[in-house]
Amino acid sequence: MTIGRPAPVTRRAGALVLLVAALAGCLAEPDPAPSPGGPGAPDPAAALDQELWRLTGPMSTPRAGHTATLLPDGRVLVAGGGAWKAPPIAGAELYDPERGAFLPAAPMREARGKHTATLLPGGEVLVAGGNQCEWGGPLATAERYDPGRDAWRTAAPMKTARVWHTATLLQDGRVLVTGGIDCASVAMTDAAEIYDGATDTWTPAGAMTTSRAMHTATLLQDGRVLVAGGSHVEGGVHAVLPTTELYDPETGAFSPGPALSEHRVYHTAAPLPDGRALLAGGGLGYSVSADTYDPQGAPAMSPTGPLEVHRAIAASTPLAGGEVLVVGGTYPDIETLAEAFDPEIDRWVPAGSPRVARYLGTATLLGSGEVLVAGGFPAPAYWVFFDPSTSDMNASAELFRPRTGGASCARPFACRSGSCVDGACACASVDHCAAGSVCDLSGRCVPRPDDQDLSGCSLPSGAQPRGAAATWAAALLAALRLRAARRRGATTSSPRPAPGAAERSAARGARRPPPSPSPP
C-alpha cells in the first residue's frame, strides 16, 4: 500500500531531482538494506518503541472527551473536553504540525465535552451536543468554527439534546447524528437527524430500530451508514447491545443489520480500503475480539483476528496505507501498547508503545502520514472514581511517526509509504525521504546529488523499482536513456522498459507475507 498519489508539485520536484542526476551521468548507489535479523541485530519491538512514538508539544489545557479535527490547511482543531468528574471546557486550540506545537484558538461559545465535531465540505467544523448529566444534562446546541477567521458562530440547534452520540458526514455533504443519552428520561434515544450545512437546518431522519448510546457509526463506500453496538436501557436495566442497523440516505430509513460476534460498547470502528468496516474491543468484558462487516459478503459480519490486549474507550484512526491504528483505552492493568489492523492479512500487529497511557483521548491522521494522539485520562480503569489519578485529565500529546524510506522496518504500517521491503522502508516519492535525501529507482532514500561529490559515479546497472518505488521515475530514466542513445546514433541497444503489469503485480505481492490461519 502507498500513502497516496504524490501531488503534481511533488512529482515535478522528484522528476527534476532525477533529471539533474541523470544529466550529470550518475545516481547515488543505494545503501545496502539493513538486515532485519542476525547476531547483534536490535530487537524489532524495542526499535518500534524508540522510533514510532515521540512526544510533541503539550496542549495548553488538559483535556479528555474532547474532539480533534484535521483542517484543510493541515492543522488540527482541538475543542472542548470534560467527562465524569471533569467539568466541560469551552476552550479550543490548534496543533500546527510544522511547529510541533499547540497554538491558541478562539473558544467555543459554550463549554462541552463528549460532543461531536465534523468537518463540513466548505472547510468549517460543526460541533454538536455534548456534556454529561452531572453537568447540567446534554446539549441540543450546535456551533461552527471558521478556520480562516478563527471564529465560532452559533448554528441551528438539534431537535434532540444528546451526549455519547455519533455524527457521520454523508457522501452528499450532510451530517447524520444518531442516538445518545437523554438525561431528562434517563434513557438512550433512538432519534436521528440530519444537518444541512448549506441551509443551517436540522431535519428528522426517523428513528433507529433500537435506542442506543456509546455506539459507533461508520460510513460505507456505498453511502450507507453502519450503526453498531452501544448501551441500551430496557425495563430500567442497562444492557450492552450485539445488534447493528443500516441507514440508507436514499430511502431515509434505518433497517436491521447482522449481529455482532458479541455485545459491544465503548468499542472502536473504522472503514477499511476494501469496503469493509472494522469493529473491535469494548463489550461487557472489554473484549479482544474484532468483527469485520462486508456489505457484499456472505455472511456480512465475520469475526477476525483478535486484539493483543483488552481495551475500551480507545482512540483509533485509519492510517494512510489502509491499516487501522488503535491506541490507548482502559482495562485493569492495561499495558501501554498500540496495535494496527492489517486488512490484507486480517491480523493485528504491535505498533510500539506510546509514551503515555491514556483513555478517552483522540487520534488524528495528519497530512504527513503521522498520527497525533492527545489528551485523555490516565489508566487504570475509569470506574475508579475516587482515585485522584483517574480524575485528572492530561495535556500531553505524542506523534505516531512512520519511518521514511530506507529506515529499518518489520511491518508495512511502520513506513510512511506503507511498503516494507527486505527489512527496510521503500519510498514512492521525495516526500517519503528525510530532508537532504531523494527516493532513487531502487525505492531507497539516498543523499541528493547536490549534497555529495558526483565525480566518478555512475547509474546503478539494471536498477529496478522496488516496493512502492514510483513507475514514473523508471519511465523518466528510460526516456533519458533513449534520448541519449538516439543522439549517439546507437542502433543495437534499447532502453530498459518500465516494469510491465506482471512485474508490478509481483512487486505488490512481495510487500506482505501470505495470510496466516493463526492469530498473532
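Cut-offs used in this document
Residues numbered from 1 in each chain as written. Predicted model: local features only at pLDDT ≥ 70, side-chain atom pairs only at ≥ 80, totals over all residues. Heavy atoms only, no water. Helix = DSSP H or I, 4+ residues; strand = E, 2+ residues; numbered from the N terminus. Contact = heavy atoms within 4.5 Å. Polar contact = N/O pair within 3.5 Å; in protein donor to acceptor, adjacent residues only side chain to side chain. Pairing = 2+ DSSP bridges. Axes fitted to C-alpha atoms, helices over the stretch in contact; angles between N-to-C directions. Phe/Tyr/Trp six-rings, centres within 6.5 Å; stacked < 30°, edge-to-face > 60°. Buried < 20%, exposed > 50% of the residue type's maximum accessible area, 1.4 Å probe, protein only. Disulfide = S-S within 2.5 Å.

The next point concerns the environment of Thr56. Relative to the elements of secondary structure, Thr56 occurs in strand β1 (residues 53–56). Distance in space between the C-alpha atoms of Thr56 and Leu372 is 8.7 Å, their sequence separation being 316 residues. Ignoring any residue separated from it by four or fewer positions in sequence, one finds Thr56 in contact with Tyr95, Gly100, Leu372, Ala397, Glu398 and Leu399. Here Gly100 takes part through its backbone oxygen, which lies 3.1 Å from a polar atom of the side chain of Thr56.

To continue, consider the sheet that holds β1. Within the open sheet, the four strands sit side by side as β1-β32-β31-β30. Their pairing is antiparallel. Edge strands, defined here as strands with exactly one partner in the open sheet, are β1 and β30 (362–365). Strand after strand, the sheet turns through a mean of 25° between neighbouring axes, direction not considered. Here β1 pairs with strand β32 (residues 397–400) via four bridges, running antiparallel. Across the sheet, the residue bridging to Trp53 is Phe400, located in β32.

Within this structure, the stated rule accounts for nine aromatic pairs. With a centroid separation of 5.0 Å and an interplanar angle of 50°, the aromatic rings of Tyr145 and Trp152 are classed as tilted. By relative accessible area, which is 0% here, Tyr145 ends up buried. Take Trp152: its relative accessible area is 7%, and that puts it in the buried class. Measuring from centroid to centroid gives 4.9 Å for Tyr195 and Trp202, while their planes differ by 50°, and the two rings are tilted. Trp202 matches Tyr195 in its accessibility class, with the two residues each being buried. Through a chain of ring-to-ring contacts, the aromatic side chains of Trp53, Phe400 and Phe413 assemble into a single cluster.

Okay, the state of the cysteines next. Here, disulfide denotes a covalent bond that connects the sulfur atoms of two cysteines. A complete count under the given rule lists three disulfides for this structure. Here Cys409 connects covalently by a disulfide to Cys420, the sulfurs 2.1 Å from one another. What sets the handedness of the Cys409 and Cys420 disulfide is the S-S torsion sign, and at about 95° it is right-handed. Residue Cys409 is located in the loop between β32 and β33 (420–421), and its partner Cys420 is located in strand β33; the two are separated by 11 residues in the primary sequence. One exposure class covers both Cys409 and Cys420, and it is buried. Between the sulfur of Cys415 and that of Cys425 lies a disulfide, 2.1 Å long from S to S.

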